[in-house]
Amino acid sequence: MASLFKDPTKLSAYRDRRFTGTQEEYEAALQASVTVYVGNMSFYTTEEQAYELFSRAGEIRKIIMGLDKNSKTPCGFCFILYYSREDAEDAVKYISGTMLDDRPIRVDFDWGFEEGRQWGRGRSGGQKELEAQRELVDYGGAFQPNAPPQYDRGDRKRGYGDSYRNDRDYQRKRYRNDERSSQRAPDSEFKRDANDSEKNPRFREKGDSDEEDDDYDKRRRR
Amino acid sequence: MSAGWRTLLLRIGDRCPEYGGSADHKEHIETCYGVLCREYEHSKDAMFEFLLQCADQLPHKIPFFGVLIGLINLENEDFSKGIVDTTHANLQDALHNENRDRIRILLRFLCGLMCSKVVLPNSIIETFEALLSSAATILDEETGNPSWQPRADFYVYCILASLPWGGSELFEQVPDEFERVLVGIQSYISIRRHFDDIAFSVFETDEGNSPNKKDFIEDLWERIQVLSRNGWKVKSVPKPHLSFEAQLVAGVSHRFSPISCPPPTISQSSSEIVKGQEKHEADLKYPQRLRRLHIFPTNKAENMQPVDRFVVEECILDVLLFFNGCRKECAFYLVSLPVPFRYEYLMAETIFSQLLLLPNPPFRPIYYTLVIIDLCKALPGAFPSVVVGAVHALFDRISNMDMECRTRLILWFSHHLSNFQFIWPWQEWAYVKDLPKWAPQRVFVQEVLEREIRLSYFDKIKQSIEDAVELEELLPPKAGPNFRYHSDEGKESTDGHRLSKELVAMVRGRKTQGDIISWVDEKIIPVNGAKFALDVVSQTLLDIGSKSFTHLITVLERYGQIISKLCPNEEMQLLLMDEVSAYWKNSTQMIAIAIDRMMGYRLLSNLAIVKWVFSPANVDQFHVSDRPWEILRNAVSKTYNRIFDLRKEIQTLRKGLQAAKEASEKAARELEEAKSIIEIVDGQPVPSENPGKLRRLQARADKAKEGEVTTEESLEAKEALLARGLEESKELLRLLFKSFVEVLTERLPPISADGDVPNLRAGDPNVNSSARDPEATTMEIDNENGGDNDSQLNGQNKKISHNVGELEQWCLCTLGYLKSFSRQYATEIWSHIAMLDQEIFVGNIHPLIRKAAFSGLCRPTSEGSHL
């Protein structure tokens with residue numbers, strides 16, 4: 001990458017307020033992270049759609065949909081976890097600002113998913129006829145995928161169970177007190193795209209709710 | 001205050017606000033030099049570094065930087081001498097580190113410096129001669145190692161590639177010496193081996209040899225010879241130094257010290273296998289940068305001199321290389337190269353040939369998707385129609401396209417359309433629905449639609465083809481699960497329905513895996529048998545996990561052990577995959593994901609997956625769908641990803657262990673030192689350090705030791721995993737090739753009595769016509785003139801019917817994938833080649849199988865014929 005035009009070490013101008021460490025720790029987390037944050041998605045975009053797109057940047061370990069706290073349905077953002085750093089970098093470089101489900105999505109490094117960060121505060125927006133026939137995936141009910149597992153993980157036979165690319169240590173801290181969305185503000189490149197979408201009615205008519213992001217930004221700046 | 005000197009350097013030659021929108025190169029250089037002079041005293045060190053960086057990363061502007069350095073040279077000889085010396089050191093490093101891009105660009109930079117009288121022309125000649133002599137040594141059987149010809153070729157390529165930037169000056173100033181170099185190149189080309197790149201060509205011919213008559217060195221040499229005949233005039237390279245000649249001529253030129261090339265890598269052995277491995281290693285290290293793909297008929301493409309085409313391609317590739325990750329600048333520089341002619345068609349051909357480059361493009365294919373999207377936005381009037389033309393031309397030749405390239409094209413095209421509202425003139429391809437279901441054109445359209453639906457959704461894509469309703473037949477079924485034990489009040493409840501309901505209730509009731517396993521053991525297996533148990537359990541769990549990818553992996557994480565218990569062997573694992581494919585029969589994507597995840601949780605082994613893919617039901621799909629191949633690709637790449645990750649982790653752990661050892665030794669030493677300080681108190685030796693400090697040091701030493709041991713243990717564990725992984729990968733390759741050979745041997749038409757190998761494409765009128773007239777192909781690689789006379793034929797080729805029979809097409813397709821896997825995993829295969837030679841590639845194997853596998857490995861099939 002041409003270092004003349006872009007400082008490759010400067011990953012994000014914004015700081016997620018939920019990160020408890022120092023600025024240096026935050027930057028180190030971004031540098032090493034294999035997680036990307038995806039924003040400005042349609043509420044109707046499914047994990048499988050995201051999988052199809054993001055697997056073109058590398059093998060995906062996990063997808064965590066951002067959910068409306070009340071309705072337990074997707075609310076326009078998600079986290080994608082890769083196995084390798086290079087793949088996460090490629091997702092940020094090559095997918096950010098392109099279309100998924102007719103919306104220009106933003107992709108940014110994330111310092112790492114933690115339990116609780118999946119809750120956003122979605123708002124339902126306008127629906128196009130065709131879109132209206134689609135169903136929102138309901139993540140609620142007795143069987144909640146993101147709830148912590150019930151069984152003792154230790155009872156899996158380690159020797160055999162060291163699965164292909166699935167047994168990475170994965171630290172989860174729990175921050176349940178903070179319900180604000182983890183949505184972060186766009187970097188300059190995203191801003192351009194966001195502006196594009198505001199100027200260009202083509203993007204709008206397809207979308208569900210563009211105010212969503214503005215709303216997040218406002219709260220973030222508060 | 002005007003723009004700073006850095007910005008002016010970066011933007012030089014661009015039509016931009018920093019230079020008041022002017023496009024006059026002379027003006028740019030004067031403005032920039034003026035600012036550099038003004039700031040020189042304050043910032044000369046920074047300028048020094050920055051100029052070198054600019055030359056490195058903006059190589060298409062080297063002529064400008066050359067002139068600026070030349071002008072500085074008039075006032076400050078030391079500055080430019082420093083530039084020359086640093087460039088020498090950089091080139092020397094690059095040669096020894098085998099940094100290809102650096103070597104190539106530094107030679108161009110040297111030419112730029114020579115044009116501006118900073119470097120002596122004779123030094124350039126010496127540099128060229130050092131490279132040439134190293135190249136010749138490599139080819140020598142005695143002193144070198146001909147397996148490393150790729151390196152020798154690369155050196156010669158670098159010399160030739162720099163000539164558009166300096167040939168004219170060398171010809172003027174040192175004509176005799178320059179002529180000597182050219183003669184040297186000519187004699188190098190006469191002794192080197194022609195490179196037949198059949199393994200890497202995007203299109204196959206039925207004769208099985210590459211359609212290119214000239215390889216990349218021969219091609220470039222010819223372009224340079226034409227240039228030499230034209231008096232070294234190159235339109236595509238700016239010559240800003242000419243406007244400053246009167247000043248520059250007063251400068252003192254510096255000598256560029258002689259360079260040394262790394263010694264040739266001497267062959268370890270004369271065995272065919274070792275030579276093949278060495279050649280493979282050399283090919284990997286010095287890959288060909290571009291394999292030119294002629295997509296457009298010559299009457300459409302821009303008309304330019306052969307060398308100009310080369311220069312523009314080099315510039316495009318450099319922009320793609322250096323602006324990867326900077327979307328805005330990448331698109332800007334791609335559309336505004338400093339050349340006085342249009343080049344959209346050439347740009348499209350260059351980008352498509354990167355996207356389809358075999359074995360691998362320098363970047364992930366998705367990068368080129370992004371570049372094409374950005375170019376469509378940057379040149380809305382010109383580029384989209386060029387892309388449309390390229391797609392049509394490639395589509396017309398799809399039946400001869402390499403399988404790997406076909407897959408890349410499908411992925412690219414579906415993704416591209418998803419960024420442009422899925423708008424495409426589908427009616428032009430509506431005719432494919434009348435082709436047999438194995439016709440490559442039809443399969444291509446069907447797979448593009450499948451991928452579009454994955455990126456979007458069924459109804460949307462159905463709507464996008466409403467102008468070509470015939471194509472609805474090619475849409476996959478609307479995705480949705482197919483649950484065998486769906487509870488339907490009206491229906492009679494079978495055992496399966498009842499048990500499935502019970503299982504759902506247990507899951508809802510948060511019963512543990514252990515409880516459910518006992519329930520299966522007690523309630524299902526004794527009555528209905530293990531297979532039935534697997535059926536009910538897998539169907540029900542898949543249904544519980546059917547809502548999304550996350551639901552699926554949650555189910556597998558929580559209840560995977562139940563499945564694992566039921567599938568202890570390959571036979572049961574094959575049944576499990578049958579269950580998955582029955583449940584998700586309407587969603588190819590979910591079958592692939594479920595199998596991939598089950599492999600991830602080791603519920604399925606990679607060997608079982610290969611066996612399943614090569615089971616009769618799937619083998620029948622080989623030529624009509626990508627479904628089995630996607631699953632196979634996933635399984636093989638997951639296996640090697642895992643090995644790659646382990647290697648990386650081991651490397652990190654080794655470094656960590658080293659650090660831990662040092663820390664531990666240091667702590668131990670400190671403890672010993674502290675202990676050794678003894679005092680005599682009351683006639684007794686007593687440690688003089690206070691006990692608190694000793695305790696602390698002891699604790700620290702213990703902890704460091706513990707850290708060392710832990711790291712050592714995890715290193716050992718990972719190494720054991722890697723050893724197992726490598727063993728597994730060997731088994732995987734054995735089974736993969738065995739399976740290919742089995743299914744192909746069953747179906748390939750036999751060799752005729754007089755030993756003729758069957759021609760699988762015999763029924764294809766396309767191939768027949770091109771066999772009659774070798775020039776009549778729309779697309780030829782590395783053959784500039786090949787496209788001249790076929791623009792008419794291009795029209796005729798449209799809407800051809802497909803005449804290759806089903807069996808022949810199945811064979812072509814499967815052989816194509818065999819070649820593609822061999823090429824993709826060539827490094828791994830070469831490391832197990834002795835085993836494969838002994839067990840798989842044995843004497844009586846069908847020649848077409850051997851040819852497919854070997855050409856993927858770039859291995860000669862018989863004595864004398866190098867592939």
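Bear in mind the structure is a predicted one, so any value in this text is a computation, not a measurement.

Trainee: Before we go on, may I ask you to explain the overall build of chain B in this structure?
Mentor: Counting its regular elements, chain B contains 35 helices and two strands. When contacts within chain B are restricted to residue pairs at least 6 apart in sequence, long-range pairs at least 24 apart make up 76% of them. Charge centroids of chain B, computed over 98 positive and 122 negative side chains, lie 4 Å from each other.

Trainee: Would you explain the overall build of chain A in this entry?
Mentor: A count of helical and extended segments in chain A gives eight helices and seven strands. Per-residue burial for chain A yields a buried fraction of 60% across its 222 residues. Intrachain contacts of chain A at a sequence separation of at least 6 include 78% that bridge at least 24 residues. For chain A, the accessible surface area stands at approximately 9,600 Å², while carbon and sulfur atoms represent 46% of it.

Trainee: How should the domain arrangement of chain B be read in this particular structure?
Mentor: Size of an interface: often given as the accessible area lost when the parts come together. Domain boundaries assigned for chain B yield domain 1 (58-285) and domain 2 (495-639). Taken over C-alpha atoms, the centre of domain 1 of chain B sits 57 Å from the centre of domain 2 of chain B.

Trainee: Explanation requested: the environment of Gln 186 of chain B in the structure shown.
Mentor: Residue and element names in this part refer to chain B. Secondary-structure assignment places Gln 186 in helix α8 (residues 175-191). The spatial distance from the C-alpha of Gln 186 to the C-alpha of Arg 408 is 38 Å, given a sequence separation of 222 residues. Apart from the residues lying within four places of it in its own chain, the contact partners of Gln 186 are Trp 221 and Gln 225. Reaching out from Gln 186, the side chain makes a polar contact with the side chain of Gln 225 at a distance of 3.4 Å.

Trainee: When you look at the sheet that holds strand β2 (residues 60-68) of chain A in this model, what are you seeing that I'm missing?
Mentor: Residues and elements named next belong to chain A. Taking strand neighbours across the sheet as the criterion, the five strands line up as β6-β1-β3-β2-β7 in an open arrangement whose pairing is mixed. In this open sheet, the two edge strands, each paired with only one partner strand, are β6 (106-110) and β7 (119-120). Along the sheet, helix α2 (residues 47-54) makes contact with β1 (35-39), β2, β3 (74-82) and β6, crossing β2 at roughly 140 degrees.

Trainee: Looking at this model, I keep getting lost on the packing of aromatic side chains. Mind explaining?
Mentor: For any pair of aromatic rings, geometry is given as the distance between the ring centres together with the angle between the planes. Residues and elements named next belong to chain B. Under the counting rule described, the total for this entry stands at 44 aromatic pairs over all chains. Both rings, one in Phe 154 and one in Tyr 155, keep their centres 6.4 Å apart while their planes meet at 55 degrees; by these two values the pair is tilted. For the pair formed by Phe 154 and Tyr 155, the shared burial category is buried. Taken together, a centroid distance of 5.7 Å and an interplanar angle of 75 degrees make the contact between Phe 737 and Phe 841 edge-to-face. Of this pair, Phe 737 sits in helix α29 (residues 691-747) while Phe 841 sits in the loop between α34 (833-839) and α35 (847-857), and the two are 104 residues apart along the sequence. Residue class for Phe 841 comes out buried when judged on its relative accessible area of 6%. Residue placement shows Arg 11 over the ring face of Phe 332; its charged tip is 5.6 Å from the ring centre. Over the ring of Phe 244 we find Lys 26; its NZ or CZ atom is 5.9 Å from the centre of that ring.

Trainee: Teacher, can you tell me more about the layout of surface pockets here?
Mentor: Empty space among the atoms becomes apparent when a probe as large as a water molecule is rolled across them. Its boundaries defined by the atoms lining it, the second largest pocket holds a volume of some 1,400 Å³. Along its surface, the second largest pocket is lined by 43 residues, and Ile 453, Lys 478, Ala 479, Gly 480 and Ser 587 of chain B are the ones closest to its centre. Residue assignment for the lining of the second largest pocket shows that the elements contributing at least two residues are α2 of chain A together with α18 (440-455), α19 (458-464) and α25 (588-600) of chain B. A total of six residues in the lining of the second largest pocket trace back to one element, the largest contributor, which is α18 of chain B. For the lining of the second largest pocket, the class distribution of residues is 15 nonpolar, 14 polar and 14 charged.

Trainee: What am I meant to see in the UniProt feature "coiled-coil region" (unreviewed entry) in chain B here?
Mentor: Following the UniProt record, one finds the feature "coiled-coil region" (unreviewed entry) at residues 643-677 of chain B. Helix makes up 97% of residues 643-677 of chain B and strand 0%. Its end C-alpha atoms lie 51 Å apart.

Trainee: Explain the UniProt feature "domain: RRM" (unreviewed entry) in chain A here, please?
Mentor: The positions that UniProt labels "domain: RRM" (unreviewed entry) are, in the present scheme, residues 34-112 of chain A. End C-alpha atoms of residues 34-112 of chain A are separated by 7 Å, and the span's content is 24% helix alongside 41% strand.

Trainee: Would you mind showing me how to read helix α16 (residues 383-396) of chain B here?
Mentor: Structurally, the α-helix is built with 3.6 residues per turn, so residues lying three or four positions apart point the same way. Under the 1.5 Å per step criterion, the end-to-end length of α16 of chain B is 20 Å for 14 residues, consistent within 8% with the ideal 20 Å. Turning to α16 of chain B, its buried residues are Phe 383, Val 386, Val 387, Gly 389, Ala 390, Val 391, His 392, Ala 393, Leu 394, Phe 395 and Asp 396 of chain B.

Trainee: Could you clarify how one ought to interpret the pattern of salt bridges in this entry?
Mentor: Two side chains of opposite charge can pair, provided their charged atoms sit close to one another. Counting across every chain of the model gives 74 salt bridges over all chains. Each of Glu 52 and Arg 56 of chain A together with Glu 450, Arg 451, Arg 454, Asp 626, Glu 630 and Arg 633 of chain B takes part in one network of salt bridges that share partners.

Trainee: Can you walk me through the nonpolar core in this structure?
Mentor: Side chains that are nonpolar tend, in soluble globular proteins, to be buried together. Residues Phe 54 of chain A together with Trp 426 of chain B are the most contacted members of the largest nonpolar core, which totals 313 residues. The greatest single-element share of this core, amounting to 13 residues, is contributed by helix α2 (residues 25-57) of chain B. For Phe 54 of chain A, the residues in contact, after removing those within four places along its chain, are Val 38, Ile 60, Ile 80, Tyr 82, Ala 91, Ile 95, Ile 105 and Val 107 of chain A.

Trainee: Looking at this structure, how should I read the environment of Lys 239 of chain B?
Mentor: All names here are of chain B. Counting through the fold element by element, Lys 239 comes out in the loop between α9 (216-229) and α10 (245-248). Taking the C-alpha atoms as reference points, Lys 239 and Val 371, 132 residues apart in sequence, are found 29 Å from one another. Sequence-distant contacts of Lys 239, that is, excluding residues within four places in its chain, are made with Pro 164, Trp 165, Ser 168 and Glu 169.

Trainee: How do you make sense of the confidence of the model for chain B when you look at a structure like this?
Mentor: The predicted coordinates of low-pLDDT regions are not to be read in fine detail. Residue and element names in this part refer to chain B. This prediction gives chain B a mean pLDDT of 89; 93% of its residues lie at or above 70. The low-confidence segment residues 766-799 (pLDDT under 50) makes 73 contacts with residues lying over four places distant or belonging to another chain. Note that pLDDT drops below 50 for residues 863-867; the model gives that stretch 11 contacts with residues more than four away or on any other chain. Model confidence for the complex: the whole-complex pTM is 0.86, and ipTM, which rates the interface, is 0.89.

Trainee: In this structure, what is going on with unusual backbone geometry? I would like to understand it.
Mentor: Where the residue is not glycine, phi is negative for most of them; where a peptide bond is considered, it is trans in most cases. A cis amide bond, omega 0 degrees, links Leu 358 of chain B with the succeeding residue Pro 359 of chain B. Along the polypeptide, Pro 359 of chain B turns up in the loop between α14 (344-355) and α15 (365-378). Within the chain, Lys 72 of chain A stands out as a residue other than glycine whose phi angle is a positive 60 degrees. Along the chain, Lys 72 of chain A turns up in the loop between β2 and β3.

Trainee: What is the right way to read the packing of α25 of chain B against helix α28 (residues 627-676) of chain B from this model?
Mentor: Residue and element names in this part refer to chain B. Orientation of α25 relative to α28, taken along the N-to-C sense of each, is 25 degrees, at an axis distance of 10 Å. Looking at the two axes, α25 sits roughly parallel to α28. Pair α25 / α28 crosses with right-handed handedness. Together, Thr 588, Ile 591, Ala 592, Ile 595, Asp 596, Met 599 and Gly 600 of α25 and Arg 627, Glu 630, Ile 631, Asn 634, Ala 635, Lys 638 and Thr 639 of α28 make up the contact between the two elements. Considering only residue class, the contact of α25 with α28 consists of six nonpolar, four polar and four charged.

Trainee: Sorry if this is basic, but what is going on with the confidence of the model for chain A here?
Mentor: Residues and elements named next belong to chain A. Per-chain confidence: chain A averages 67 in pLDDT, with 50% of residues scoring 70 or above. When pLDDT is averaged over each element of chain A, α2 comes out on top at 97 and helix α7 (residues 201-206) at the bottom at 34. Residue range residues 148-162 is modelled with pLDDT below 50. Its contacts to residues more than four positions away, or to other chains, number 21 contacts. When the criterion is pLDDT under 50, residues 166-222 qualifies, and its contacts beyond four places in sequence or with other chains add up to 130 contacts.

Trainee: Mind showing me how you'd approach the packing of α2 of chain B against helix α4 (residues 77-97) of chain B here?
Mentor: Between two packed helices, both the angle of their axes relative to each other and the distance between the axes serve to describe the pair. Residues and elements named next belong to chain B. Across the interface, α2 lies against α4 with an axial gap of 11 Å and an inter-helix angle of 25 degrees. Put simply, α2 runs roughly parallel to α4. Seen along the crossing, α2 lies across α4 with a hand that is right-handed. Between α2 and α4, the residues in contact are Tyr 40, Lys 44, Met 47, Phe 48, Leu 51 and Leu 52 and Phe 79, Gly 82, Ile 83, Thr 86 and Thr 87, respectively. Broken down by class, the residue content of the contact of α2 with α4 amounts to seven nonpolar, three polar and one charged.

Trainee: What exactly am I supposed to notice about the pairing of β3 of chain A here?
Mentor: Residues in a regular strand point their side chains to alternate faces of the sheet. Residues and elements named next belong to chain A. Within β3, nine of the nine residues are buried, which leaves the element mostly enclosed by the surrounding structure. The sheet contact formed by β2 and β3 spans six bridges and is antiparallel. Bridged to Ile 63 within β3 is Ile 80. The turn joining β2 and β3, which pair antiparallel and follow one another in sequence, is formed by five residues; a positive phi near 60 degrees is taken by Lys 72.

Trainee: What is the right way to read the environment of His 846 of chain B from this model?
Mentor: Residue and element names in this part refer to chain B. Mapped onto the fold, His 846 is located in the loop between α34 and α35. Put simply, His 846 and Pro 750 are 96 residues apart on the chain and 8.0 Å apart in space, counted from C-alpha to C-alpha. Non-local contacts of His 846, meaning those with residues more than four positions away in its chain, are made with Leu 748, Pro 749, Pro 750, Ile 751 and Pro 758. One polar contact links the side chain of His 846 to the main-chain carbonyl oxygen of Pro 749, over a distance of 3.0 Å.

Thresholds, definitions, all that
- As a convention, each chain's residues are numbered from 1 in the sequence order in which they are written.
- Lettering of chains starts at A and numbering of ligands starts at 1, both following the order in which they are written.
- Selection of residues for local features in this predicted model requires a pLDDT of at least 70, selection of side-chain atom pairs for listing and counting requires 80 or more, and totals for whole chains, interfaces and linings are taken over all residues.
- Hydrogens are left out, water is left out, and the side-chain values use all remaining heavy atoms of the structure.
- Helix and strand assignments come from DSSP, with helices taken as H or I runs of at least 4 residues and strands as E runs of at least 2, each series counted from the N terminus.
- Contacts: residue pairs with any heavy atoms within 4.5 Å of one another.
- We treat Lys and Arg as the positive residues and Asp and Glu as the negative residues; His and chain ends play no part in the count.
- Charged groups are reduced to one reference atom each: NZ for lysine, CZ for arginine, CG for aspartic acid, CD for glutamic acid.
- Here the term buried applies to any residue with accessible area under 20% of the maximum for its type, exposed to any over 50%, and partly exposed to those in between, with areas from a 1.4 Å probe on protein chains only.
- Note that accessible areas follow from Shrake-Rupley with a 1.4 Å probe, and for residues the cover is restricted to the protein chains shown.
- Domain start and end points were adopted from an automatic or database domain assignment.
- N or O atoms within 3.5 Å of each other form a polar contact, as long as, within protein, one can give a hydrogen and the other can take it, and as long as residues adjacent in sequence are counted only when both atoms are side-chain atoms.
- We call two strands paired when DSSP finds no fewer than two bridges between them.
- Between N-to-C directions, angles cover 0 to 180 degrees, with each direction set by a line fitted to C-alpha atoms, over the stretch in contact for helices.
- Each pair of aromatic rings taken from Phe, Tyr and Trp, with Trp reduced to its six-membered ring, is defined by centres within 6.5 Å and is described as stacked if the planes are under 30 degrees apart, edge-to-face if over 60, and tilted in the remaining cases.
- We call a charge positioned over a ring when the NZ of a Lys or the CZ of an Arg lies within 6 Å of the ring centre and within 35 degrees of the ring normal.
- Lining residues are defined by having an atom within 4 Å of a point belonging to a cavity or pocket. Those points lie on a 1 Å grid over the protein atoms alone, cavities being sets where a 1.4 Å probe fits but cannot get out and pockets being open sets with protein on both sides within 12 Å along at least five of seven lines.
- Grid points are joined across faces, edges and corners, and a volume is the space filled by probe spheres set on the points.
- In this count, Pro and Cys sit with the nonpolar residues alongside Ala, Val, Leu, Ile, Met, Phe, Trp and Tyr, while Asp, Glu, Lys and Arg are called charged and the others, Gly among them, polar.
- UniProt positions are given in the numbering used here, feature names are shortened, and annotations may be inferred rather than shown by experiment.
- An expected span of 1.5 Å times one less than the residue number is assigned to each helix.
- The working definition used for a salt bridge is a side-chain nitrogen of Lys or Arg within 4 Å of a carboxyl oxygen of Asp or Glu.
- Among buried residues, the Ala, Val, Leu, Ile, Met, Phe, Trp, Tyr and Cys ones that are joined through side-chain atoms within 4.5 Å form a nonpolar core.
- In predicted models, pLDDT denotes the confidence assigned by the predictor to each residue on a 0 to 100 scale.
- Note on angle classes: values under 35 degrees are labelled roughly parallel, values over 145 roughly antiparallel, values of 65 to 115 roughly perpendicular, and the remainder oblique.
- Crossing handedness: left-handed means the near helix sits turned counterclockwise from the far one by under a right angle, and right-handed means the same turn made clockwise.

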